[in-house]
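Listed below, chain by chain, are the residues.
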Amino acid sequence: MSLMSLTAVALGKKIQAGEVTVEEAVLDALEQIEKKEDTIHSYVTVLEKEAILEKAKEIQKKIDAGELTGPLAGVPVAIKDNMCTEGVLTTCSSKILYNFVPTYTSEAVKNLEAAGAVIIGKTNMDEFAMGSTTETSAYGITRNPHNTEHVPGGSSGGSCAAVAAEECSFALGSDTGGSIRQPSSFCGVTGIKPTYGTVSRYGLVAYASSLDQIGPVGKDVADCAALLEVIAGHDPKDSTSLDRKDLDFSKSIEEKKLLGMKFGVPKEFLAKGLDPEVKEAFMETLKVLTSQGAIVEFFSVETMEYMIPAYYIIASAEASSNLERFDGVKY
């Protein structure tokens, strides 16, 4: 069995226990990439093997010395290609940025590096994060690992496909209007769009600034909780960053506090256009919640018909403002 079949948290525990070395984990990830990339195409850039292994050795020394004790130390991670990485090509899957090598690293990625995660590469995406299928990348389409005739969703399709195809343990994506959650669903992995301001946007190539959030993609909720704990936190370089105190997300999972928790379900979400199988799976999930003591209430959102038009107006206006710097005149 590939080490990449393990959850990120499970692999991290094995590395901390000395059952697996960081180098072994990295080599396993690179082996999976070599086997599957021609078919799946999750990545735009895979880092040089020598550089990754050198980094793996550095991290292993820190783990052995007791300097890195976090749950994700030594675990291979993939980064969506719209987050700046110092010295590493960052294209946003656009030919406009075919040679853009940033001189700084985005805050979320810096936090990951400080926690000892090993960056394997940069993942494919819809160009400048505009799309929902990962078919608009200038570097080719990404395919769904479960069925290559299907799309993986988008715009973080490369990150979600990489986790689903076991080409990394976990990944970072970004979500403006569903770009982590939708491809996570399509690829059968777990993805979260954090509350706005929880994760710094510093170093993220902006699509719609008032909507964008960097978030985790993992094999399960525990992976996402561990990753979110690492990347979350106040950042003075981001004027919209929140100074939150409740960042112990893993503890919430362990305590399983569903008793009395209320879940609201908009009736409009279950209206026409919803696939019967998807609806059935969703309703089964609600049954599980209620069996654990949660309260599920159905309600109506009368403004639902205006939400998508409003989103497109806001997102398009902000994208026009943000991305004009790449027109070759102002940048």
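Since the model is a prediction, treat every value here as computed from it, not as a measurement.

Describing the nonpolar core
For step 1, the next point in the chain: Core analysis: the largest hydrophobic core is formed by 62 residues, its most contacted members being Leu11, Val26, Leu112, Phe170, Leu172 and Ile231.
For step 2, the next point in the chain: By residue number, the principal contributor to this core is helix α2 (residues 22–40), which donates seven residues.
For step 3, the next point in the chain: Not counting residues within four places of it along the chain, the set of residues in contact with Leu112 comprises Val77, Ile79, Ala117, Phe170, Leu172, Leu227, Val230 and Ile231.
For step 4, the next point in the chain: The next biggest cluster of nonpolar side chains, apart from the first, holds 15 residues, and it includes Cys92, Leu97, Phe128 and Ala315.

Section: the packing of aromatic side chains
For step 1, the next point in the chain: Under the criterion given, the structure shown has three aromatic pairs.
For step 2, the next point in the chain: Arranged with centres 5.2 Å apart and planes meeting at 70 degrees, the rings of Tyr311 and Tyr312 form a pair that is edge-to-face.

Remarks on the side chain of Ser159
For step 1, the next point in the chain: Positionally, Ser159 belongs in helix α5 (residues 157–164).
For step 2, the next point in the chain: At 2.8 Å, the side chain of Ser159 and the side chain of Thr123 are in polar contact.
For step 3, the next point in the chain: If we ignore the near neighbours within four places in the chain, the residues touching Ser159 are Ile79, Lys80, Thr123, Asn124, Ala171, Leu172, Gly173 and Val217.

Details of helix α1 (residues 8–17)
For step 1, the next point in the chain: For α1, the complete set of buried residues consists of Ala8, Val9, Leu11, Gly12 and Ile15. Each buried residue of α1 sits inside an arc of 160 degrees when the element is viewed along its axis, so together they form one side. Opposite the buried face of α1, by more than 90 degrees, sit the exposed residues Lys13 and Ala17.
For step 2, the next point in the chain: Structurally, α1 contributes buried residues whose contacts are with α2, α3 (49–64), β2 (76–80), β4 (170–175) and α7 (221–231).
For step 3, the next point in the chain: Once α1 finishes, Gly18 follows within two positions and takes phi at roughly 80 degrees, a positive value.

As for the pattern of salt bridges
For step 1, the next point in the chain: Counted under the stated rule, the structure contains twelve salt bridges.
For step 2, the next point in the chain: Here Lys237 and Asp235 are joined by a salt bridge, their closest N and O atoms 3.0 Å apart.
For step 3, the next point in the chain: On the basis of relative accessible area, Lys237 is assigned to the partly exposed category, the value being 42%.
For step 4, the next point in the chain: The closest approach of N and O atoms between Glu284 and Lys287, which form a salt bridge, is 3.3 Å. Taken together, the positions of Glu284 and Lys287, both in helix α9 (residues 276–291) and three residues apart, correspond to about one turn of that helix.
For step 5, the next point in the chain: Look at Glu284 and you get partly exposed, because its relative accessible area is 40%.
For step 6, the next point in the chain: Through salt bridges with shared partners, one network takes in Glu107, Asp235 and Lys237.

Some words on the packing of helix α4 (residues 107–114) against α7
For step 1, the next point in the chain: Here α4 crosses α7 at 110 degrees, and the two axes come no closer than 8 Å. Compared by their axis directions, α4 and α7 come out roughly perpendicular. For the pair formed by α4 and α7, the contact residues are Ala108, Asn111 and Leu112 on the first element and Leu227, Val230 and Ile231 on the second.
For step 2, the next point in the chain: Its residues assigned to classes, the contact of α4 with α7 shows five nonpolar, one polar and no charged.

Quick look at the sheet that holds strand β3 (residues 118–123)
For step 1, the next point in the chain: Overall, mixed pairing links the six strands, which are arranged β1-β3-β2-β4-β6-β5 in an open sheet. Two strands lie at the open edges of the sheet, namely β1 (43–46) and β5 (190–191), each paired on one side alone.
For step 2, the next point in the chain: Sheet topology places β5 next to strand β6 (residues 213–218); two bridges connect them, and they run antiparallel. Counterpart to Gly191 in the pairing with β6 is Val217.

What to know about unusual backbone geometry
For step 1, the next point in the chain: Note the cis peptide between Gly154 and Ser155, where omega equals 5 degrees.
For step 2, the next point in the chain: Topologically, Ser155 is positioned in the loop between β3 and α5.

A few points about α5
One turn of an α-helix holds 3.6 residues; hence residues three or four places apart share an orientation.
For step 1, the next point in the chain: Across the eight residues that make up α5, a large majority, eight, are buried.
For step 2, the next point in the chain: Taken together, the buried positions of α5 are Gly157, Gly158, Ser159, Cys160, Ala161, Ala162, Val163 and Ala164.

Focus: the state of the cysteines
Here a disulfide denotes one covalent bond, and it connects the sulfur atoms of two cysteines.
For step 1, the next point in the chain: With the rule as written, the count across this model stands at zero disulfides.
For step 2, the next point in the chain: The closest cysteine sulfur to the non-disulfide-bonded Cys84 is located on Cys92, 7.5 Å from its own sulfur.
For step 3, the next point in the chain: Sulfur of Cys224: no disulfide; nearest cysteine sulfur belongs to Cys160 and is 9.3 Å away.

Description of the packing of α2 against α3
For step 1, the next point in the chain: Contact pair α2 / α3: the axes reach a minimum separation of 8 Å and the direction vectors enclose 150 degrees. By the criterion of interaxial angle, the relationship of α2 to α3 is roughly antiparallel. Crossing hand, α2 versus α3: right-handed. The segment α2 lies against α3, with Val22, Glu23, Val26, Leu27 and Leu30 engaging Lys49, Ile52, Leu53, Ala56, Lys57, Ile59, Gln60 and Ile63.
For step 2, the next point in the chain: Looking at side-chain class alone, the contact of α2 with α3 contains nine nonpolar, one polar and three charged residues.

The rules behind each value
- Residues numbered from 1 in each chain as written.
- Predicted model: local features only at pLDDT ≥ 70, side-chain atom pairs only at ≥ 80, totals over all residues.
- Heavy atoms only, no water.
- Core = buried A, V, L, I, M, F, W, Y, C linked by side-chain atoms within 4.5 Å.
- Buried < 20%, exposed > 50% of the residue type's maximum accessible area, 1.4 Å probe, protein only.
- Helix = DSSP H or I, 4+ residues; strand = E, 2+ residues; numbered from the N terminus.
- Contact = heavy atoms within 4.5 Å.
- Phe/Tyr/Trp six-rings, centres within 6.5 Å; stacked < 30°, edge-to-face > 60°.
- Polar contact = N/O pair within 3.5 Å; in protein donor to acceptor, adjacent residues only side chain to side chain.
- Arc of directions from axis to C-beta.
- Salt bridge = Lys/Arg side-chain N within 4 Å of Asp/Glu carboxyl O.
- Axes fitted to C-alpha atoms, helices over the stretch in contact; angles between N-to-C directions.
- Parallel < 35°, antiparallel > 145°, perpendicular 65-115°, else oblique.
- Nonpolar A, V, L, I, M, F, W, Y, C, P; charged D, E, K, R; others polar.
- Pairing = 2+ DSSP bridges.
- Disulfide = S-S within 2.5 Å.
- Left-handed = near helix turned anticlockwise from the far one by under 90°.

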